[in-house]
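Below, each chain spelled out in residue letters.
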Amino acid sequence: MPVASSRPLRARSALEKIRRRDEILRAAERLWLSTSYADLSMNQIAREARLAKGTLYLYFDTKEELFLALLHEYLQTWFQHFNDLLGARQPRTPSEMTATLIVALEGQDHLRRLLLLLSTVLRSHLSPEVEADFRRDMHQLLQQTVHRMPYTPDINRQILIHCYALAVGWQQMAAAPEQVSASETASCEGDTAFRLALEAIIERLGQQAQAS
């Protein structure tokens, strides 16, 4: 009599493939809470997801590609949250825009760690095709958002770029992504210096918009 396997059968339908892909991402996410990126292997992720290693590679060619997909998921969620806040708060002044961004960044430790990972590790190991797809998707998310912010699309885009640079910079000063677990990550939301720097940038860009 054949012995039943504890591993899930290979996904056959499109819905099963989507579910399996999500299970892989959740497994990587769970492991990343307690294991540094450098120490995390595809073997470990496969075991956590209860998959054969070969099955894992049907969904992601590399660990970098897997974590880029996780970042993509986090960014989609964040942009949706930020757009909801823009609709609810209708910010008009630099201080209101800063407050809206600060609220949007609350509880986003994992996202900031992934963004730092993107700039320090992932990008240099991605294929040109994968990176191009990611850039295209991020451009679409930006385009949908900049038209809902209070300034011109170009100024709004600059605000988001500066916000990204500040958030990643603050995260990098806390610790390197390959050395830090989520529980050790320093939070920058509510950090007075972060808020002041962000508001000063938005104030300056708003003045540029008025002068042009």
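Residues numbered from 1 in each chain as written. Predicted model: local features only at pLDDT ≥ 70, side-chain atom pairs only at ≥ 80, totals over all residues. Heavy atoms only, no water.

Peer 1: Tell me about the pattern of salt bridges, and please be specific about residues and values.
Peer 2: Pairing is possible between side chains that carry opposite charge, provided their charged atoms lie close to one another. According to the stated counting rule, one finds 11 salt bridges in the structure shown. Note that R26 and E29 form a salt bridge whose closest N and O atoms lie 2.8 Å from each other. With R26 and E29 both in helix α1 (residues 14-32), this residue pair falls 3 residues apart, about one helical turn. No difference in accessibility class separates R26 from E29, as the two residues are buried. Here R135 makes a salt bridge to E131, at a shortest N to O gap of 3.3 Å. Of the two residues, R135 and E131 are both situated in helix α7 (residues 128-146); the distance of 4 residues between them amounts to about one turn of the helix. A relative accessible area of 18% means that E131 is categorised as buried. (Salt bridge = Lys/Arg side-chain N within 4 Å of Asp/Glu carboxyl O. Helix = DSSP H or I, 4+ residues; strand = E, 2+ residues; numbered from the N terminus. Buried < 20%, exposed > 50% of the residue type's maximum accessible area, 1.4 Å probe, protein only.)

Peer 1: Outline the side chain of D109, listing residues and values.
Peer 2: Mapped onto the elements, D109 comes out in helix α6 (residues 109-122). A polar contact of 2.7 Å, which involves the side chain of D109, links it to the side chain of R112. (Polar contact = N/O pair within 3.5 Å; in protein donor to acceptor, adjacent residues only side chain to side chain.)

Peer 1: If you had to explain helix α4 (residues 63-89) to someone new, which residues and values would you point to?
Peer 2: Relative to the 39 Å expected for 27 residues at 1.5 Å per residue, α4 spans 39 Å between its end C-alpha atoms, a close match to the ideal helical length. Looking at the residues trailing α4, positive phi occurs at Q90, about 50°. (Expected span 1.5 Å × (residues − 1).)

Peer 1: How would you summarise the environment of E96 if you had to cite specific residues and measurements?
Peer 2: Inspection of the secondary structure puts E96 in helix α5 (residues 94-105). Among the residues examined, E96 registers a relative accessible area of 37% and is labelled partly exposed. Filtering out sequence-adjacent residues up to four positions away, E96 remains in contact with Q90 and P91. (Contact = heavy atoms within 4.5 Å.)

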